[in-house]
Amino acid sequence: MSALSRGMMSDDANTLVLSPVNLSAYATRSSVNSDSQEERRKLAASSWNDVCTRHGFSIATLPLGRITPELLARTFDVAKQLFTLDDDAKMKLRRHNPADNMGYAPLGGEAHDTVRGADRKEAFNVRSRRCHTNDYTGCPPDFQPVVEEFWDALEDTARALATCAADAIGVESDFFAKTLKSWEHCTIRFLHYPACDFGGDEDSSPIRCGCHTDFGLFTLLFVKDGESGLQLKAVDGSVEHDDPNLPWRNVQLPASEDPNGVVMLNTGALLARWTNDAWRATAHRVVVPSEAQARQSRYSIAFFVDPDPEMEVAVHEKLGTPKYAPILAGEYLRMRLDEIHLAQKK
Ligand SMILES: O=C(O)CCC(=O)C(=O)O
Ligand SMILES: [Fe+2]
């Protein structure tokens with residue numbers, strides 16, 4: 001467990017301790033629609049709203065719906081087995097291209113930050129089995145069943161969070177959730193950042209994941225053992241991308257949280273656009289903060305939640321004069337994915 005990620009420090013210019021938001025009233029199905037349930041939902045929506053109007057990152061404690069610490073641990077185990085395959089075996093899992101965004105993506109395949117160079121990460125992407133054929137040939141035997149169980153749990157929870165987001169910004173409860181039917185554009189991305197050289201400080205060390213904002217509605221991010229390295233820029237006003245005037249801040253979990261029992265929630269650029277910038281999309285990156293961190297692997301799992309591609313993303317009339325023209329969700333995602341792959345070719 002990383003001491004760095006669970007320090008006793010409070011917020012300062014260099015660190016941001018993520019606020020826990022209690023979303024269980026949304027994630028746990030209850031047949032009883034009691035007043036207290038209603039109160040808990042209101043509290044959840046308003047506390048998530050409070051974070052997201054400042055920056056997009058918060059945490060929720062597991063279990064959240066069917067996402068339990070136990071299922072998460074099993075999922076990390078199979079992901080680790082996959083990344084521990086030898087290089088030849090992993091190259092056979094390579095099905096990654098901009099059009100389908102599935103399968104293995106080797107080291108050096110993506111650059112978010114063209115100045116710092118390619119990300120020091122390898123990834124394996126899985127998409128909804130209802131719309132896509134994930135090819136698990138060559139994966140460890142338990143990978144597919146565990147990942148499918150995890151996917152189903154993620155879907156349920158993401159739908160609940162979409163409802164909470166709509167309540168939080170004061171539009172119809174199903175405003176976002178009704179755009180999540182096919183899950184066609186959602187992706188689970190398993191990430192492994194292997195051990196690497198340490199250059200003396202984070203700026204002269206390899207970048208594990210370059211500066212970016214997530215594209216979609218929101219991302220559920222799980223970081224094994226809460227390993228450090230994640231940094232963000234808490235934005236002010238309508239800044240979405242990397243503003244050189246804002247400092248990078250190290251993300252920390254509250255000391256009271258078990259790092260393997262939380263999920264980080266991160267709102268994406270599409271949601272910022274959809275809420276007319278009422279909610280933030282926050283630039284973030286993963287660096288190598290110390291020699292000790294450089295010496296070890298870092299594992300994380302991101303579930304990128306994107307509306308179905310044919311859904312129109314138009315600012316709700318309750319959210320003021322639209323700053324953005326309506327766009328189809330699929331068109332928007334394609335535009336953002338192309339940006340990464342173009343940057344990589346530069
Ligand atoms: O691995 C992490 O902690 C963050 C990964 C991330 O931001 C991403 O893949 O979009
Ligand atoms: Fe991200």
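Under an unreviewed UniProt entry, the protein chain has the name Fe2OG dioxygenase domain-containing protein and belongs to Pycnococcus provasolii. For the protein chain, the Sequence similarities (unreviewed entry) comment in UniProt is given as "Belongs to the iron/ascorbate-dependent oxidoreductase family."

J.: Before we move on, can you summarise the site of ligand 1 with the specific residues and values?
T.: L191, Y193, H212, D214, L221, V223, H284, V286, R298, S300 and F304 make up every residue found near ligand 1. A distance of 2.9 Å separates an oxygen atom of ligand 1 from a polar side-chain atom of H212. In this structure, an oxygen atom belonging to ligand 1 sits 3.0 Å away from a side-chain N or O atom of R298. Contact with the protein chains hides 97% of the accessible area of ligand 1, taken as 300 Å² for the molecule alone. Secondary-structure elements contributing two or more residues to the shell around ligand 1 are strand 5 (187–193), strand 7 (218–223), strand 11 (284–286) and strand 12 (298–305). The greatest single-element share of the shell around ligand 1, amounting to 3 residues, is contributed by strand 12.

J.: Pulling in residues and values, what's your account of the packing of helix 3 (residues 69–83) against helix 5 (residues 143–169)?
T.: Contact geometry for helix 3 and helix 5: axes closest at 9 Å, N-to-C directions at 140°. Put simply, helix 3 runs oblique to helix 5. The element helix 3 and its partner helix 5 pack so that their crossing is left-handed. For the pair helix 3 and helix 5, contact is made by L71, L72, R74, T75, V78, A79 and L82 and by F143, V146, V147, E149, F150 and A153, respectively. Grouping the amino acids of the contact of helix 3 with helix 5 by side-chain chemistry returns 10 nonpolar, 1 polar and 2 charged.

J.: Describe unusual backbone geometry, naming the residues involved and giving the relevant values.
T.: In the segment running from L62 into P63, the intervening peptide bond is cis, with an omega of 0°. Examined against the element boundaries, P63 turns out to sit in the loop between strand 2 (57–61) and helix 3. In this structure, D225 is a non-glycine residue whose phi angle is positive, near 60°. Within the secondary structure, D225 sits in the loop between strand 7 and strand 8 (230–232). Although it is not a glycine, D277 adopts a positive phi angle of roughly 70°. Tracing the backbone shows D277 in the loop between helix 6 (269–274) and strand 11.

J.: Can you break down the packing of aromatic side chains residue by residue, with the values?
T.: A complete count under the given rule lists 11 aromatic pairs for this structure. A network of ring pairs unites the aromatic residues F124, Y136, F143 and F190 as a single cluster. Between the NZ or CZ atom of R41 and the centre of the ring of Y26, over which it lies, the distance is 4.2 Å.

J.: Give me the lowdown on the nonpolar core, citing residues and values where you can.
T.: Side chains that are nonpolar tend, in soluble globular proteins, to be buried together. Counting residues in hydrophobic clusters, the biggest one holds 74 residues, and the most contacted among them are W48, L220 and F222. The element best represented in this core is helix 5, accounting for 16 residues. When near neighbours in sequence (up to four residues on either side) are disregarded, W48 contacts V21, L23, S58, L161, C164, A165, F218, L265 and W279. Of all hydrophobic cores here, the second largest spans 19 residues; its members include A105, L191, C209 and L253.

J.: Which residues make up the pairing of strand 7, and what values go with them?
T.: Most of strand 7 is tucked away, with 6 of its 6 residues classed as buried. With burial as the criterion, each face of strand 7 is covered, one bearing F218, L220 and F222 and the other bearing T219, L221 and V223. The pairing of strand 7 with strand 10 (residues 262–267) spans 4 bridges and is antiparallel. Bridge pairing in strand 10 places L221 opposite M264. Pairing of strand 7 with strand 12, which is carried by 6 bridges, proceeds in the antiparallel orientation. Bridge pairing in strand 12 links V223 to S300.

J.: Tell me what's going on with the coordination of the iron ion (ligand 2), and back it up with residues and numbers.
T.: The coordination sphere of the iron ion (ligand 2), as far as protein atoms go, consists of H212 (NE2), D214 (OD) and H284 (NE2), spread over 2.1 to 2.2 Å. Each donor residue of the iron ion (ligand 2) belongs to the same chain, and together they define the spacing H-x1-D-x69-H.

J.: Would you mind going over the sheet that holds strand 6 (residues 209–212) in detail, with residue names and values included?
T.: By definition, the strands of a sheet pair up through backbone hydrogen bonds, in either a parallel or an antiparallel sense. Taken in spatial order, the 5 strands line up as 1-9-8-11-6 in an open sheet, and their pairing is mixed. Because the sheet does not close on itself, it has two edges, and the strands there are strand 1 (15–17) and strand 6. Between one strand axis and the next, the sheet turns by 30° as a mean value, whatever way the strands run. As paired strands, strand 8 and strand 9 (residues 249–252) are joined by 2 bridges and run antiparallel to one another. Opposite L232, over in strand 9, you have R249 as the bridge partner.

J.: Quick rundown of helix 5? Include the residues and the values.
T.: Since the α-helix packs 3.6 residues into each turn, any two residues three or four apart lie on the same face. When the terminal C-alpha atoms of helix 5 are compared, their 38 Å separation across 27 residues agrees well with the 39 Å that a helix rising 1.5 Å per residue should span. Phi for G170, located one or two positions after helix 5, is positive at around 80°.

What counts and what doesn't
Residues numbered from 1 in each chain as written. Chains lettered and ligands numbered in written order. Predicted model: local features only at pLDDT ≥ 70, side-chain atom pairs only at ≥ 80, totals over all residues. Heavy atoms only, no water. UniProt positions renumbered as here; feature names shortened; annotations may be inferred. Near = heavy atom within 4 Å. Polar contact = N/O pair within 3.5 Å; in protein donor to acceptor, adjacent residues only side chain to side chain. Areas by Shrake-Rupley, 256 points an atom, 1.4 Å probe, with all protein chains shown as cover. Helix = DSSP H or I, 4+ residues; strand = E, 2+ residues; numbered from the N terminus. Axes fitted to C-alpha atoms, helices over the stretch in contact; angles between N-to-C directions. Parallel < 35°, antiparallel > 145°, perpendicular 65-115°, else oblique. Left-handed = near helix turned anticlockwise from the far one by under 90°. Contact = heavy atoms within 4.5 Å. Nonpolar A, V, L, I, M, F, W, Y, C, P; charged D, E, K, R; others polar. Phe/Tyr/Trp six-rings, centres within 6.5 Å; stacked < 30°, edge-to-face > 60°. Lys NZ or Arg CZ within 6 Å of the ring centre and 35° of its normal. Core = buried A, V, L, I, M, F, W, Y, C linked by side-chain atoms within 4.5 Å. Buried < 20%, exposed > 50% of the residue type's maximum accessible area, 1.4 Å probe, protein only. Pairing = 2+ DSSP bridges. Donors = N, O, S within 2.8 Å, 3.2 Å for Na, K, Ca; no water. Expected span 1.5 Å × (residues − 1).

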